[in-house]
Amino acid sequence: MKNGFIGLFAAGAMVALSSTTALATTQVHFWHAFSPDIKLGKVLARYAQEFNASQDDYEIVLTYKGTYDDTINATIAAVRAGKQPAIAQVHGPAVPTLIFSDAVVPVDTVMADAGYTIDWERFIEPVMAMYQFEGNQMAMPFNTSTPLMWYNADAFEKAGIAEVPASWDDLDAAARKLKDAGYECPVTSSWQEWIVLKNYTFIEDQPFASKANGMQGPDAELTFNKTRFVDHLDRIQGWIKDGLYEYQGRQWTGAHQAFYNQRCAVLLESSAGYGGISQNAKFDFSATLLPVEADNDTPRNSFIGGAGLFLMKGLDKPVYDGAAAFFNFLASPEMQFDWHRNSGYVPITVDAYELAKEKGYYDEFPHQELAIKQLMREPSDNTRGIRLGYMVQVDEIINEELENVWSMKKSAQEAADDMVRRGNPLLNRFAKTIE
Amino acid sequence: MSGRDKKVVFKGRVLPWLLLAPQLVVLAVFFFWPAGEGIVQAFFLSDPFFNTMIFVGFDNFRDLLTSPEYWDSIRVTLVFSLATTATAMIMAFALAVAADRVLHGSMVLRSLVIWPYAVAPAIAGMLWLFLFHPAFGVLALALRGLGIDWDPLLDGTDAMVLIVAAAAWKQVSYNFVFFFAGLQMIPRSLIEAAAIDGAGPMRRLRDIVLPLLSATTFFLLVMNVIYAFFDTFGIVDAVTEGGPGGATRILVYKVYKDGFQAQDYGSSAAQSIVLMAIVIVLTFLQFRYVERRVNYA
């Protein structure tokens, strides 16, 4: 009886003790779009675990919210209900919505308030530029990718292509050789609005929209229908006519399948496509930089994809301190190198890149270095990013009109003009919602 | 007729309202409130956080109605809805007639036919996409093998056929259940009497079965049209994303895309009002012109 009482007392004291430690830990909620069933989700969970184990003050609580769209919608609804998470993972097209909103706090301010001195100059420029607004760093880049040209090296050998194409003219010649060697689809692309259009305008230093693609203000207009992009579109239409290019859908699945089963020999696709390609391609494959125009002596940086981490407004200081500590943890060169290796995304700091080089990582995986090299080219006003409203709808319009070119319903110029005619009213409407 | 004239009258007003209250509350909270919000929203331009709400009058509607693409969407929606409803109903009716001959009591077989109804639209879409995607679809490759130029990625007609098939496939099982139950309700004696009088199977179908099923058919017509107009965005999202070139950009998909992916709430709300108006008009027309020919027995 006596022992029982003491036991009970001890148990009670234990509970009381453990609950006080629980109270002392500040929970930092992080909503993201990486399914816990896939590798990216598992890597992220490991980071949260490592961070939580490394200190006692903060606990990162991960919640998988579904797709990128689900995550941003859940975040918007939560902000309106006053139940916002501290950290939200937000993908490219939704970034302007948050940057122009009143719902976020700048990351650099929060980091400084928490006592971290961050040398933002050591971050990769076009990656950071996407999230810069009125002198502030609005989000922490997280998963960043950029397109590359993946190719079937066996097919190149079979077709007698000695040198890997570097210009679009080279690719044209290579595509014809591949066709002659029996490849039904020499070239294809995934995410066409990103790769065929936006990345072309970046690398060739052509404007996508006025006001530096909206980076200098939301009241911008699409202008790519008056640039070299139209000739590029016309070239690909010609390729389709000659059977040198096949359209495999708007996203990545079709293009990947066509590449895996060796129907298509060249795949223009994100650097993050490496995971799928390395698992499924049963042939010798490799990657190189995206092609440039033969007369382009200073190709610019390519355009990024992926998502950044935003901090939502209206929470207590300790929560922000916790988020800042976690960001500081994530941004360390060692963590960025780990992320680079495990996710296929590019590291966001120059230090992490140098660490990866130093460790000889690129000797083993040379194509992993391509994406970052492509991003470290000197940017211009045309290549610091794209910050336009209702981008989801604009992208849909671009996709529809590109399909009209591929199906020969419209000429390159007609389709480009229609993209601009249909897209500009949307930009205009969005601009009105911003004072 | 006499049944309709019998009126049960409650004494007092409190009890009937009290009994109605739960249903009315559900209606008000889950239907009238959001619908009301939607109507208000349609006249505003706002950021997703509602920090800025600009009253724009009928601008959202004007933008829609002056866009040739929107009118094309209306046309595409009518084609899609008609094709889906017709396919789903005809297939279900044919299956029900065939099943009526063999399945008299088998619960198991009847339940099996209902399965596809339980599949979420987006999943149904993915299933059909996996079968018919030109790059990796098993059946698409078979079609190519037969020399048929099948490419739903670039051919608008092929894409439409694909989403109609996916949408109708899901709805066939729902329709089947009703048709099958309806067929089982038809007295055998009527059919036998007609057979003795020399009516062949087609004649019996036309003059006895179809009139006796008219109430079921009308109900299904209304339900299928509503399904095709409202519940199919998941299929389009999974299979074609409205492509190629807008050939499958049905109205409800556009509402979903603009509202839930682009956060363009004003336009999305205006579009849902237009969509709602179209469906109200269609339902009214159905009741006005089709219901006349319905025999409720």
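Residues numbered from 1 in each chain as written. Chains lettered and ligands numbered in written order. Predicted model: local features only at pLDDT ≥ 70, side-chain atom pairs only at ≥ 80, totals over all residues.

Q: Kindly report on the overall build of chain B, identifying the contributing residues and their values.
A: Looking only at helices and strands, chain B features 14 helices and 2 strands. Along the three orthogonal principal directions, the C-alpha set of chain B runs to about 75 × 75 × 35 Å. The proportion of buried residues among the 297 residues of chain B is 34%. Sequence separation of 24 or more characterises 71% of the internal contacts of chain B that already satisfy a separation of 6 or more. (Helix = DSSP H or I, 4+ residues; strand = E, 2+ residues; numbered from the N terminus. Buried ≥ 20, exposed ≤ 12 C-beta atoms within 10 Å, placed from the backbone. Contact = placed C-beta atoms within 7 Å.)

Q: Residue-level account of helix α9 (residues 192-203) of chain A, with values.
A: Residue and element names in this part refer to chain A. Taken across its 12 residues, α9 has 12 buried, putting it largely inside the fold. Within α9 the residues assigned to the buried category are Q192, E193, W194, I195, V196, L197, K198, N199, Y200, T201, F202 and I203. If you follow the buried residues of α9, they end up packed against β8 (147-152), β9 (185-189), α11 (229-241), β10 (264-270), β12 (305-312) and α19 (391-406). Following α9 by one or two positions, D205 adopts a phi angle in the positive range, close to 60°.

Q: An account of the packing of α9(A) against α11(A) is requested, with residue identities and associated values reported.
A: Residues and elements named next belong to chain A. As a packed pair, α9 and α11 sit with axes 10 Å apart at the nearest point and diverge in direction by 140°. When the axes of α9 and α11 are compared, the pair comes out oblique. Our pair here, α9 against α11, has a crossing hand that is right-handed. Mapping the contact onto sequence places V196, L197, Y200 and T201 in α9 and F229, H232 and I236 in α11. Residue classes in the contact of α9 with α11 are distributed as 5 nonpolar, 2 polar and no charged. (Axes fitted to C-alpha atoms, helices over the stretch in contact; angles between N-to-C directions. Parallel < 35°, antiparallel > 145°, perpendicular 65-115°, else oblique. Left-handed = near helix turned anticlockwise from the far one by under 90°. Nonpolar A, V, L, I, M, F, W, Y, C, P; charged D, E, K, R; others polar.)

Q: Now, about the interface of chain B and chain A: what can you tell me, with residues and values included?
A: Every contact between the two is made by 29 residues of chain B and, on the other side, 33 residues of chain A. Mapped onto the side of chain B that touches chain A, the elements with two or more residues apiece are β1 (44-46) and α13 (251-261) of chain B. Of the residues forming the side of chain B that touches chain A, the biggest block, 4 residues, is contributed by α13(B). Of the residues contributing to the side of chain B that touches chain A, the split by class is 12 nonpolar, 10 polar and 7 charged.

Q: Which residues make up the pairing of strand β2 (residues 58-64) of chain A, and what values do they have?
A: Across 7 bridges, the pairing between strand β1 (residues 26-32) of chain A and β2(A) is parallel. Counted as the bridge partner of T26(A) is Y58(A) from β2(A). (Pairing = 2+ DSSP bridges.)

Q: I'd like a rundown of the domain arrangement of chain A, residues and numbers included.
A: Residues and elements named next belong to chain A. Structurally, chain A comprises domain 1 (24-145 + 304-364) and domain 2 (147-302 + 389-432). Computed from C-alpha atoms alone, the centre-to-centre distance between domain 1 and domain 2 is 29 Å. Counting from both sides, the interface comprises 10 residues of domain 1 and, opposite them, 12 residues of domain 2. Here the side of domain 1 that touches domain 2 is composed, by residue class, of 6 nonpolar, 3 polar and 1 charged. (Domains from an automatic or database assignment.)

Q: Let's hear about the pairing of β10(A): which residues, and what values?
A: Residue and element names in this part refer to chain A. Among the 7 residues in β10, 7 count as buried, and that is most of the element. Alignment of β8 against β10, held across 5 bridges, turns out to be antiparallel. For L148, the partnering residue across the bridge sits in β10 and is E269. Bridge count between β9 and β10: 4 bridges; the pairing is parallel. Pairing of V187 across the sheet is with V266, part of β10.

Q: Quick one: what's the story with α11(A), residue by residue and with numbers?
A: All names here are of chain A. The end-to-end C-alpha distance of α11, which contains 13 residues, comes to 18 Å, matching closely the 18 Å that a straight helix rising 1.5 Å per residue would cover. Within α11, the full set of buried residues consists of F229, L233, I236, Q237 and W239. Here the buried residues of α11 occupy an arc of 155° about the axis, which is enough to place them on one side. Exposed and facing more than 90 degrees away from the buried side of α11 are D231 and K241. Buried-residue contacts for α11 involve α8 (168-180), β9, α9, α19 and α20 (412-432). Positive backbone phi, at 70°, marks G243, one or two positions downstream of α11. (Expected span 1.5 Å × (residues − 1). Arc of directions from axis to C-beta.)

Q: With reference to specific residues and values, describe the confidence of the model for chain A.
A: Residue and element names in this part refer to chain A. For chain A, the mean per-residue pLDDT works out to 92, and 94% of the residues sit at or above 70. Put simply, helix α1 (residues 2-24) is where chain A has its lowest mean pLDDT, 50, and α11 is where it has its highest, 98. Every residue in residues 1-5 scores below 50 in pLDDT, and together they form 0 contacts with partners more than four places removed in sequence or on other chains. Segment residues 14-22 is flagged for pLDDT under 50; beyond a separation of four residues in sequence, or across chains, it makes 0 contacts in the model. (pLDDT = per-residue confidence, 0-100.)

Q: Residues and numbers for unusual backbone geometry, please.
A: For the peptide bond that leads from G243(B) to P244(B), omega is -10°, which places it in the cis range. Mapped onto the elements of the fold, P244(B) is located in the loop between α12 (233-239) and α13. The phi dihedral of D205(A) is positive, around 60°, even though this residue is not glycine. Backbone geometry at E241(B) places phi at a positive 50°, although glycine is not the residue there. Along the chain, the position of E241(B) falls in the loop between α12 and α13. Given 19 C-beta atoms within a 10 Å radius, E241(B) is considered partly exposed.

Q: Go over the sheet that holds β8(A) with me, naming the residues and quoting the values.
A: All names here are of chain A. The 4 strands are arranged β9-β10-β8-β11 in an open sheet whose pairing can be described as mixed. Looking at which strands have only one partner, the edges of the open sheet turn out to be β9 and β11 (285-288). Here the average twist between neighbouring strands, direction ignored, is 20°. Across the sheet, α8 is in contact with β9 and β10; its angle to β9 comes to roughly 130°.

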